[in-house]
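Structure assessment
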Amino acid sequence: MAIDQSLRDRLTNSVAAGFPGQVSFTQDLVRMPSTRGNEHTVQDYMARALRSRGMDVDVFAMDDEAIARHPGGSRISSTHSRAPIVVGIHRPRKETGRSLILQGHVDVVPEGPADMWATPPYDPVIRDGWMHGRGAGDMKAGVASAVFALDALRRIGLQPAATVYMQSVVEEESTGNGALMTHLRGYRADAALIAEPGNEGLTRANLGVLWFQLEVRGIPVHVANMGTGANAIDAAYRVVGALRKLEEELNAETASHPLFGSHLHPINLNIGKIEGGDWASSVPAWCRIDCRIACLPETSAAEAARRIEACVTDFARSDSFLANNPPRVEWNGFFAEGYHLEPGSEAERTLTEAHRSVIGQPLETRLVTAYLDARVYALYDRIPVLNYGCTAENYHGFDERVNLASVQRTTAVIAQFIADWCGVEPV
Ligand code: ZN
């Protein structure tokens, strides 16, 4: 059901006509500091936006038990978001095309010290064609792209001739449970598209990610009486040393991997947060370290977890302090596997044509060494999932920004993709 060039051109022009509105919609999203647990307002905004477009809107909470039972469910800790998931549902007059899930996450990572930003993190300043702000690139611009790609169809009197689910999720930056929850709720389609920032490329594969907290405890004494090695913070550093060795081992093992073998260092261990001790003159009795590590697509999260636990246990046995005070490893976030998008799907072909039509270049593919919600649709729905989006910079860092010309181009690609994949009918 390939669409003709005149419809492609009309859609591209329609995206351009709606772009000022799309920019201000994106700015509204950026103004809401939707860090983990604080996504209620932005989800309310999304629900209203989808309802005002005539969609049925399903707003629902995480089902902790269903998540815990599912092999792709990540651990639900006390810091897990309680914000709802929002799904807007478009139903066609007549279902003649292929159904589609458009997905985006509205949670953002913490902004860090505000004084390290050139402009305030939640002020969506536009400068030289870039919109700045935490979440502007990852991935509020992408969420807006999906909504405005559908608007572009409506502006020229058309709508998808198949069911389209617009899913606005949370917990993408910490567990992936938001995306999993849409699967558990029962939503299914023939393909999914997620407009994560991707430099206008298609993600071919990504890695699994695990979060864990390492806790070391001991007996506090006065510094005057401290023996060697009885300091929980010092001991935690030694465990980190052992984990770094494991990290090198795991990276050495990736050399023969058909996709990630060419990558220099795909498996990154991040020591993301550290706290411990109570007093400068007391030997610390406790230390907690929050870590993140990746695993190859074919490795199960459970398998990766076993390697880490074994590494910590083995090292502790060899350490005089830790042998008597074994560290505790707690899985407190991501427990998610990676995925590989098989080449040659109809969905990929359809996106390739839309991309070529708008961008004028072949669609390039990329490997991502981070977590992506795409894994839920690839692994559990078993459908082609297209992780494709605009150019953005410094996400998870300071001065995050998204390129507006790129946002407009990729929105036009997505609009054409929807028209081609779902087919169109008059509004
Ligand atoms: Zn993202």
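Residues numbered from 1 in each chain as written. Predicted model: local features only at pLDDT ≥ 70, side-chain atom pairs only at ≥ 80, totals over all residues. Heavy atoms only, no water.

Attention now moves to the nonpolar core. One broad rule of soluble globular proteins: the nonpolar side chains tend to lie buried together. Among the nonpolar cores identified, the biggest contains 80 residues, and Leu 100, Leu 102, Met 166, Leu 351, Tyr 377 and Ile 418 are the most heavily contacted of them. With ten residues, the top contributor of residues to this core is helix H4 (residues 136-155). Setting aside anything within four residues of it in sequence, one finds Ile 418 in contact with Leu 100, Leu 102, Ala 149, Leu 150, Leu 153, Pro 160 and Gly 423. With 37 residues, the next largest nonpolar core counts Ala 205, Leu 210, Phe 212 and Ala 304 among its residues. (Core = buried A, V, L, I, M, F, W, Y, C linked by side-chain atoms within 4.5 Å. Buried < 20%, exposed > 50% of the residue type's maximum accessible area, 1.4 Å probe, protein only. Helix = DSSP H or I, 4+ residues; strand = E, 2+ residues; numbered from the N terminus. Contact = heavy atoms within 4.5 Å.)

So, about the packing of aromatic side chains. One pass over the full model with this rule turns up ten aromatic pairs. Note on Trp 331 and Phe 335: the rings are 5.8 Å apart at their centroids and 75° apart in plane angle, and the pair reads as edge-to-face. Each member of the pair Trp 331 and Phe 335 is classed as buried. Grouped by ring-pair contacts, the aromatic residues Phe 25, Tyr 45 and Phe 148 constitute a single cluster. The ring of Phe 148 carries Arg 53 above its face, with NZ or CZ at 5.2 Å from the centroid. Lying over the aromatic face of Phe 335, Arg 75 brings its terminal NZ or CZ to 4.2 Å of the ring centre. (Phe/Tyr/Trp six-rings, centres within 6.5 Å; stacked < 30°, edge-to-face > 60°. Lys NZ or Arg CZ within 6 Å of the ring centre and 35° of its normal.)

Turning next to the coordination of the zinc ion. Protein coordination of the zinc ion is provided by His 105 (NE2), Asp 138 (OD), Glu 196 (OE) and Glu 196 (OE), with donor distances spanning 1.8 to 2.5 Å. Here the zinc ion is ringed by four donor atoms whose angles at the metal span 54 to 148°, and the overall shape comes out irregular. Each donor residue of the zinc ion belongs to the same chain, and together they define the spacing H-x32-D-x57-E. With His 105 in strand E3 (residues 100-105) and Asp 138 in helix H4, this pair connects stretches of sequence that are 33 residues apart. Judged by its relative accessible area of 1%, His 105 is buried. (Donors = N, O, S within 2.8 Å, 3.2 Å for Na, K, Ca; no water. Tetrahedral: all angles 85-135°; square planar, octahedral: opposite > 155°, others 65-115°.)

Here we take up the side chain of Thr 35. For Thr 35, the position within the fold is in the loop between helix H1 (5-31) and helix H2 (40-51). Take Thr 35: its relative accessible area is 15%, and that puts it in the buried class. Here Thr 35 is in contact with Val 108, Val 109, Pro 110, Glu 111 and Tyr 122, once residues within four sequence places are set aside.

Its 22 residues place the ends of helix H6 (residues 232-253) 32 Å apart at the C-alpha level, agreeing with the 32 Å of an ideal helix rising 1.5 Å per residue. Buried residues of H6: Ala 232, Ala 235, Ala 236, Val 239, Val 240, Ala 242, Leu 243, Leu 246, Glu 247, Leu 250 and Asn 251, and no others. Residues of H6 that are buried make contact with strand E10 (208-217), strand E11 (269-276), strand E12 (286-295), helix H7 (301-317) and helix H8 (320-324). The backbone nitrogen of Ile 233 has a side-chain oxygen 2.8 Å away, supplied by the residue at the start of H6, namely Asn 231. (Expected span 1.5 Å × (residues − 1). Polar contact = N/O pair within 3.5 Å; in protein donor to acceptor, adjacent residues only side chain to side chain.)

Turning our attention to the sheet that holds strand E16 (residues 385-387). Here we have six strands laid out as an open sheet, ordered E1-E2-E7-E3-E8-E16, and mixed in their pairing. The sheet terminates laterally at strand E1 (56-60) and E16, the two strands that pair on one side only. With direction set aside, neighbouring strand axes in the sheet form an average angle of 15°. Looking at chain direction, E3 and strand E8 (residues 192-194) are connected through three bridges and run parallel. The residue bridging Gln 103 from the neighbouring strand is Ile 194, located in E8. Across the sheet, H4 touches E3, strand E7 (164-169) and E8, and the angle it forms with E3 is around 150°. Against the sheet, helix H10 (residues 374-381) engages E3, E7, E8 and E16, with an angle of about 165° to E16. (Pairing = 2+ DSSP bridges. Axes fitted to C-alpha atoms, helices over the stretch in contact; angles between N-to-C directions.)

Here the structure, examined in full by the defined rule, presents 27 salt bridges. A salt bridge links Arg 31 to Asp 28, with the shortest nitrogen-to-oxygen separation between them at 3.1 Å. Taken together, the residues Arg 31 and Asp 28, both in helix H1 and three residues apart, mark about one turn of the helix. With a relative accessible area of 44%, Arg 31 lands in the partly exposed category. Of the charged contacts, one joins Arg 349 and Glu 346 as a salt bridge, the two residues approaching to 2.9 Å between their closest N and O atoms. Of this pair, Arg 349 and Glu 346 both sit in helix H9 (residues 346-359), three residues apart, roughly one helical turn. One connected set of salt bridges, linked through shared partners, spans Arg 8, Arg 98, Glu 346, Arg 349, Glu 353 and Asp 420. (Salt bridge = Lys/Arg side-chain N within 4 Å of Asp/Glu carboxyl O.)

This next bit is on the domain arrangement of the protein. For the protein, the assigned domains read domain 1 (5-206 + 339-426) and domain 2 (208-336). The straight-line distance from the C-alpha centre of domain 1 to that of domain 2 is 34 Å. Taken together, the contact between domain 1 and domain 2 spans 22 residues of the former and 16 residues of the latter. Counting the surface domain 1 buries against domain 2, the share from its top three residues, Arg 75, Leu 367 and Thr 369, is 40%. Where domain 1 meets domain 2, there are zero salt bridges. Seen at the junction of domain 1 and domain 2, the total is three residue pairs in polar contact (both at pLDDT 80 or more). Residue assignment for the side of domain 1 that touches domain 2 shows that the elements contributing at least two residues are strand E9 (202-206), strand E14 (339-340) and strand E15 (365-368). In terms of residue count, the dominant contributor to the side of domain 1 that touches domain 2 is E9 (three residues). Among the residues making up the side of domain 1 that touches domain 2, the classes are represented as six nonpolar, ten polar and six charged. (Domains from an automatic or database assignment. Buried area = accessible area lost by both parts, 1.4 Å probe. Nonpolar A, V, L, I, M, F, W, Y, C, P; charged D, E, K, R; others polar.)

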